[in-house]
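# Structural description and commentary
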Amino acid sequence: MDERAARLADQLTAGFYARCGESFSATRAGGWPGWSRLEGPLRAAARRAADEGRALRVLDLGCGNLRFERWLEGLLPGAAVEAVGLDREPGLAAGALGAAAGAAGGGAGAGSDGPAAGLSAEVVAAEFGDGWGLPTALEGAFDVAVAFGLLHHLTGFRGRRAVMEGLARALAPGGVAAASFWRFLDDRRLVAKAREAMADALARWPGLAGQLGPGDAFLGWQGEEGVFRFCHAVDEAELDRLVAAATAAAPGVREAGRFSADGRSGELNRYALLAR
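The residue numbers shown here count from 1 along each chain, following its written sequence. Only residues with pLDDT of 70 or above have their local features reported here, since the model is predicted, and side-chain atom pairs are shown and tallied only from 80 upward, although totals for entire chains, interfaces and linings are computed over all residues. Side-chain measures here rest on the full set of heavy atoms in the structure, leaving out hydrogens and waters.

Grouping buried Ala, Val, Leu, Ile, Met, Phe, Trp, Tyr and Cys residues that are joined through side-chain atoms within 4.5 Å yields what is termed a nonpolar core. Buried means the residue's accessible area, taken with a 1.4 Å probe over protein chains only, is under 20% of the maximum for its type, while exposed means over 50%, and partly exposed covers the values in between. Leu59 and Leu61 are the most contacted members of the largest nonpolar core, which has 36 residues in total. Strands here are runs of E lasting at least two residues and helices are runs of H or I lasting at least four, both read from the DSSP assignment and numbered beginning at the N terminus. For this core, the elements supplying multiple residues, two or more each, are strand S1 (56-61), strand S2 (80-87), strand S4 (142-147), helix H5 (157-170), strand S5 (171-182), helix H7 (236-249) and strand S9 (269-275). At seven residues, H5 tops the list of elements feeding residues into this core. Here a residue-residue contact requires only that any non-hydrogen atoms of the pair lie within 4.5 Å. When neighbours within four sequence positions are excluded, Leu59 is seen to be in contact with Val84, Leu86, Leu134, Leu138, Phe142, Val144, Ala145, Val146 and Ala170. If you look at the next biggest cluster of nonpolar residues, it comprises 26 residues, including Trp32, Ala49, Val144 and Phe259.

Read from one edge to the other, the open sheet built from seven strands follows the order S3-S2-S1-S4-S5-S9-S8, with strand pairing classed as mixed. Each edge of the open sheet carries a strand with a single partner, namely strand S3 (118-125) and strand S8 (254-261). Strand-to-strand twist across the sheet, computed as the mean angle between neighbouring axes with direction ignored, equals 15°. Seen against the sheet, helix H2 (residues 39-51) touches S1, S4 and S5 and runs at an angle of roughly 150° to S4. DSSP bridges decide pairing: two strands pair if at least two such bridges lie between them. Orientation is described by axes fitted as lines to C-alpha atoms, over the contacting stretch for helices, and by angles from 0 to 180 degrees between their N-to-C directions.

To continue, consider the side chain of Asp143. Tracing the backbone through its elements, the reader meets Asp143 in strand S4. A polar side-chain atom of Asp143 sits 2.8 Å from the main-chain amide nitrogen of Arg57. Polar contacts here mean pairs of N or O atoms no more than 3.5 Å apart (in protein, one a potential hydrogen donor and the other a potential acceptor; neighbouring residues in sequence count only if both atoms are side-chain atoms).

Aromatic rings from Phe, Tyr and Trp, taking only the six-membered ring of Trp, are treated as a pair when their centres fall within 6.5 Å; an angle between ring planes under 30 degrees marks them as stacked, one over 60 as edge-to-face, and anything in between as tilted. Counted according to the given criterion, the structure contains 15 aromatic pairs. Connected via pairs of aromatic rings, a cluster forms that spans Trp32, Trp35, Phe68, Trp71, Phe148, Phe259 and Tyr271. In this analysis the charged atom, NZ for Lys or CZ for Arg, is taken to sit over a ring once it is within 6 Å of the ring centre and within 35 degrees of the ring normal. The cationic tip of Arg37 hangs over the ring face of Phe259; the distance from NZ or CZ to the ring centre is 4.2 Å. One cation-aromatic arrangement involves Arg241 over Phe157; the distance from NZ or CZ to the ring centre is 4.0 Å.

Here we come to the state of the cysteines. Counting rule for disulfides: a pair of cysteine sulfur atoms within 2.5 Å. Scanning all chains against the criterion turns up zero disulfides. Take Cys63: it sits in no disulfide, and the sulfur closest to it among the cysteines is that of Cys231, at 18 Å.

Another aspect to go through is the pattern of salt bridges. Between Lys or Arg on one side and Asp or Glu on the other, a salt bridge is scored when a side-chain nitrogen of the former is within 4 Å of a carboxyl oxygen of the latter. Tallied over the entire structure, the rule returns 18 salt bridges. Among the ionic pairs, Arg57 bridges to Asp143, the shortest N-O distance being 4.0 Å. Residue Arg57 is found in strand S1, and its partner Asp143 is found in strand S4; the two are separated by 86 residues along the sequence. Assessed through its relative accessible area of 2%, Asp143 is described here as buried. One salt bridge in this structure joins Glu236 and Arg183, with 2.8 Å as the shortest N-O distance. Here Glu236 is found in helix H7, whereas its partner Arg183 is found in the loop between S5 and helix H6 (188-204), with 53 residues between them in sequence.

Let's shift gears to the packing of H2 against helix H3 (residues 67-75). Between H2 and H3, the shortest axis-to-axis distance is 11 Å and the interhelical angle comes to 75°. It follows that H2 is roughly perpendicular to H3 by the angle criterion. For the pair formed by H2 and H3, the contact residues are Glu39, Leu42 and Arg43 on the first element and Phe68, Trp71, Leu72 and Leu75 on the second. Here the term charged refers only to Asp, Glu, Lys and Arg, the term nonpolar to Ala, Val, Leu, Ile, Met, Phe, Trp, Tyr, Cys and Pro, and the term polar to all other amino acids, Gly among them. Per-class residue counts for the contact of H2 with H3 are five nonpolar, no polar and two charged. For classification purposes, an angle smaller than 35 degrees is called roughly parallel, one larger than 145 roughly antiparallel, one from 65 to 115 roughly perpendicular, and anything else oblique.

This is the structure in structure tokens:
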């Protein structure tokens, strides 16, 4: 995909979230089944933070409506969690931030010798892509770093690699990271929807013809006219390259596993785990 086509695809995705972000967010409230596979490492990280008298530090790239953080609150009741979220539409997190502030204000806290229980979160605007890099101030600062529902929206390998490298660089010693990769092209229903949306998009923007590579597609949303989101399905060969780049990006970072979960098939997302 050349630069002009990539810019258009990114603009279409940004337009989708600007126009349909609220309705999309409303359908993304609960946790993903695959997250339950992370419970052991997450509980261990929370215990380590509590033993050190501090909050669990979480970085969420593409945080959306803080869905993961709200699920984490349920997993770790009474724990103190400090989250930093980066997203192109930070407004999606506004409701969750208000709820977190109310819960924190009503709680008893952890006493004078420890952080207050509950979730506190800061959400910062970020444009992921070829030119993005993890801010230096965030390097080595987190117990947990995640990127869920983000990587499939990035139009090029360099942008996806930058996110994976950012996850690795964000980890403090003992930290864990997880990323998801949407395998929508393995689902016949989603393939049919992508085929329909692709025909519509190419009719509107003929210049995109011939620019989309393997795994690239467009999807619509709930029959909305003229709404498109770019999506890329990462195959196992590309995932190998992304994980290799991540483990080379920060000292001591290694791959800690892969698994598939979610959707009716139980395989709609592929997960990659890192540990430092």
